[in-house]
Amino acid sequence: MAVHEVRVDFAKTLTEEPETGHNRWHPDIPPVVTCDPGDEVVLGTRDAFDGQMGPEATLETVAGPNLNVVHPLTGPVYVNGAEPGDLLEVEIREVEPDRYGYTVQVPGFGFLRDEFPDPFMVRWRIGDGWATSDDLPGLRIPGSPFMGTIGLAPDRALLERTIAREQAALDRGGFVLPPDPTDAVPADPAIAVEALRTIPPRETAGNVDIKQLGKGARLYIPVYADGGLFSAGDAHFAQGDSETCGTAIEMRSTLTVRFAIHKGRAAARGIQDLQFARDDYSLPPEFAAPRRFFATTGLSVTRDGESRPEDLTLAARNALLNMIEHLQDHGGWTRQQAYAICSVAVDLKVSEVVDVPSFVVSAFLPLDIFA
């Protein structure tokens with residue numbers, strides 16, 4: 001077994017060290033390393049905002065970050081033998097965390113962006129498996145490091161389909177970031193002008209933000225482009241299921257992976273999206289399925305009593321808003337502190353989607369995070 005490494009200089013941004021990665025998805029981005037199935041690949045990864053939210057960042061920075069550089073990814077990795085129609089198995093061997101992390105609320109972003117128009121920042125100390133912060137005193141968040149953005153490149157056909165459907169969504173008034181060459185890496189105009197932004201997850205995974213994808217997870221991703229062209233970045237030390245304010249405990253990391261190829265399986269079985277598996281807990285059991293918790297619920301009903309049948313988004317909003325109010329009333333947290341706690345520790349779960357007209361979403365707060 002060979003070991004391949006791509007180290008990054010954390011004192012430099014991706015723009016200053018473009019040979020290590022990219023911040024767009026495109027099949028023509030050249031690989032930075034080539035490996036065989038079974039080899040280990042070690043990738044240093046930058047944080048989601050590419051250094052903008054360091055310990056000295058101010059609320060002015062949070063209020064107006066450069067979103068064009070979001071999600072600097074390390075890669076692509078070309079896996080010999082991976083071909084369109086295959087299923088690429090990615091084994092997460094290790095996600096080594098940094099010692100600093102942050103959670104930010106950027107105006108105009110996040111699930112409850114209409115409710116939270118002001119910038120907010122939490123700076124975290126990471127050590128001994130926990131994150132603590134003077135900005136949220138009395139909390140200890142258990143770590144379960146994983147990559148928020150991890151996936152493969154599209155091929156030309158999927159790239160074109162994606163551009164068309166996302167433009168159609170934008171034309172309908174959807175919140176979409178279309179291709180934009182500004183601050184793109186690589187800067188080659190032939191790539192940058194049509195390369196996909198990294199914000200949404202897609203068929204080849206990407207920004208899936210699934211907290212169970214840490215050490216021990218096995219990802220199964222359909223291959224579209226020759227070699228798979230695997231990349232990763234946007235590491236999280238911890239996150240609630242929903243990442244509601246738009247960020248988790250964001251950090252730099254060192255990722256170790258190993259690949260296997262399942263020939264033709266994606267094509268034969270019609271697999272078009274990420275699948276994943278584990279053989280152990282992603283967190284200690286008392287946090288993976290909290291022994292002690294408090295939960296709120298939300299229905300598909302507006303706060304002034306209007307029924308909106310089968311509206312899962314509304315139910316999720318209500319569950320979170322109810323949890324934020326609970327944290328304010330019973331913990332003394334400010335509204336923005338409560339929103340941040342939800343993003344890094346509260347798990348949203350779909351409790352039912354059959355009892356029409358109202359779905360139920362529950363928000364679970366683990367009580368053992370409070371010192």
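Predicted model only: the values in this text are computed from it and were never measured. (Residues numbered from 1 in each chain as written. Predicted model: local features only at pLDDT ≥ 70, side-chain atom pairs only at ≥ 80, totals over all residues. Heavy atoms only, no water.)

**Student:** Describe the sheet that holds strand E21 (residues 360–366), listing the residues and the values that go with them.
**Tutor:** Strands pair in a sheet through their backbones, by hydrogen bonds, and they do so in one of two ways: parallel or antiparallel. Read from one edge to the other, the open sheet built from 3 strands follows the order E19-E21-E20, with strand pairing classed as antiparallel. Among the strands making up the open sheet, the edge pair consists of strand E19 (293–299) and strand E20 (347–352). Here the average twist between neighbouring strands, direction ignored, is 30°. Where E20 meets E21, 5 bridges bridge the pair, whose relative direction is antiparallel. Note on E21: the bridge partner recorded for Leu348 is Ala363. Where helix H6 (residues 312–331) meets the sheet, its contacts fall on E19, E20 and E21, and the angle it forms with E19 comes to roughly 140°. (Pairing = 2+ DSSP bridges. Helix = DSSP H or I, 4+ residues; strand = E, 2+ residues; numbered from the N terminus. Axes fitted to C-alpha atoms, helices over the stretch in contact; angles between N-to-C directions. Contact = heavy atoms within 4.5 Å.)

**Student:** Go over the confidence of the model for the protein with me, naming the residues and quoting the values.
**Tutor:** Mean pLDDT over the protein works out to 97, with 100% of the residues at or above the 70 mark. Within the protein, the lowest mean pLDDT, 84, falls on helix H5 (residues 285–288), and the highest, 99, falls on strand E5 (residues 73–79). (pLDDT = per-residue confidence, 0-100.)

**Student:** Can you explain the pairing of strand E14 (residues 218–222)? Please cite residues and give values.
**Tutor:** Counting buried positions over the 5 residues of E14 gives 5, a clear majority of the element. As paired elements, strand E6 (residues 87–97) and E14 share 5 bridges and run antiparallel to each other. Residue Leu87 lies in a different strand from E14, and its bridge partner there is Pro222. By the bridge criterion, 3 bridges tie E14 to strand E18 (residues 275–277) in an arrangement that is antiparallel. Across the sheet, residue Leu219 finds its bridge partner in E18, namely Phe276. (Buried < 20%, exposed > 50% of the residue type's maximum accessible area, 1.4 Å probe, protein only.)

**Student:** Would you mind going over the sheet that holds E6 in detail, with residue names and values included?
**Tutor:** Read across the sheet, 6 strands follow the order E1-E4-E17-E6-E14-E18 without closing on themselves; strand pairing throughout is mixed. Among the strands making up the open sheet, the edge pair consists of strand E1 (3–6) and E18. Taken pair by pair, the neighbouring strands of this sheet meet at an average axis angle of 25°, ignoring direction. Of the pairings in the sheet, the one linking E6 to strand E17 (residues 253–262) comprises 10 bridges and is antiparallel in character.

**Student:** If you had to explain the nonpolar core to someone new, which residues and values would you point to?
**Tutor:** By size, the foremost hydrophobic cluster in this structure holds 68 residues, and its most contacted members are Ile141, Phe230 and Phe259. At 8 residues, H6 tops the list of elements feeding residues into this core. By size, the runner-up hydrophobic cluster in this structure holds 11 residues, among which are Met53, Tyr100, Tyr102 and Val106. (Core = buried A, V, L, I, M, F, W, Y, C linked by side-chain atoms within 4.5 Å.)

**Student:** Can you break down the layout of surface pockets residue by residue, with the values?
**Tutor:** One number sums up the size of the largest pocket: a volume of about 900 Å³. Around the largest pocket, the lining comprises 39 residues; the ones closest to its centre are Phe109, Gly110, Ile199, Asn207 and Gly246. When contributions to the lining of the largest pocket are tallied by element, the ones reaching two or more residues are strand E12 (201–202), strand E15 (228–236) and H6. Within the lining of the largest pocket, the residues separate by chemical class into 17 nonpolar, 11 polar and 11 charged. (1 Å grid on protein atoms, 1.4 Å probe; cavity = no way out; pocket = protein on both sides within 12 Å on 5 of 7 lines; lining within 4 Å. Points joined across faces, edges and corners; volume = space filled by probe spheres on them. Nonpolar A, V, L, I, M, F, W, Y, C, P; charged D, E, K, R; others polar.)

**Student:** Give me the lowdown on the pattern of salt bridges, citing residues and values where you can.
**Tutor:** On inspection of all chains with the given rule, the structure shows 26 salt bridges. A salt bridge links Arg93 to Glu91, with the shortest nitrogen-to-oxygen separation between them at 3.0 Å. In this structure Glu91 comes out as partly exposed when scored by relative accessible area, which is 22%. Note that Glu166 is salt-bridged to Arg202, the shortest N-O span being 2.9 Å. Note that Glu166 is positioned in helix H2 (residues 156–171) and Arg202 in strand E12, a separation of 36 residues in sequence. Across this residue pair, the class does not change: Glu166 and Arg202 are buried. One network of salt bridges, with partners in common, ties together Asp28, Arg156, Glu160 and Glu194. (Salt bridge = Lys/Arg side-chain N within 4 Å of Asp/Glu carboxyl O.)

**Student:** Talk me through the packing of aromatic side chains; I want residue IDs and the actual numbers.
**Tutor:** Enumeration over the complete set of coordinates arrives at 7 aromatic pairs. A ring pair is formed by Trp130 and Phe287, whose centres lie 6.0 Å apart and whose planes are at 80°; its orientation type is edge-to-face. One end of the pair, Trp130, is in strand E9 (residues 130–132); the other, Phe287, is in helix H5, with 157 residues separating them in the sequence. Aromatic rings pair up to connect Phe49, Tyr100 and Tyr102 into one cluster. (Phe/Tyr/Trp six-rings, centres within 6.5 Å; stacked < 30°, edge-to-face > 60°.)

**Student:** If you had to explain empty space enclosed by the protein to someone new, which residues and values would you point to?
**Tutor:** Scanning the entire structure with this criterion turns up 3 cavities of 30 Å³ or more. Estimated volume of the largest cavity: approximately 160 Å³. Elements supplying a minimum of two residues to the lining of the largest cavity: strand E10 (141–142), helix H7 (335–345) and E21. Taken together, the elements giving at least two residues each to the lining of the second largest cavity come down to H2 and strand E13 (205–206). Tallied by class, the residues present in the lining of the second largest cavity amount to 6 nonpolar, 3 polar and 1 charged.

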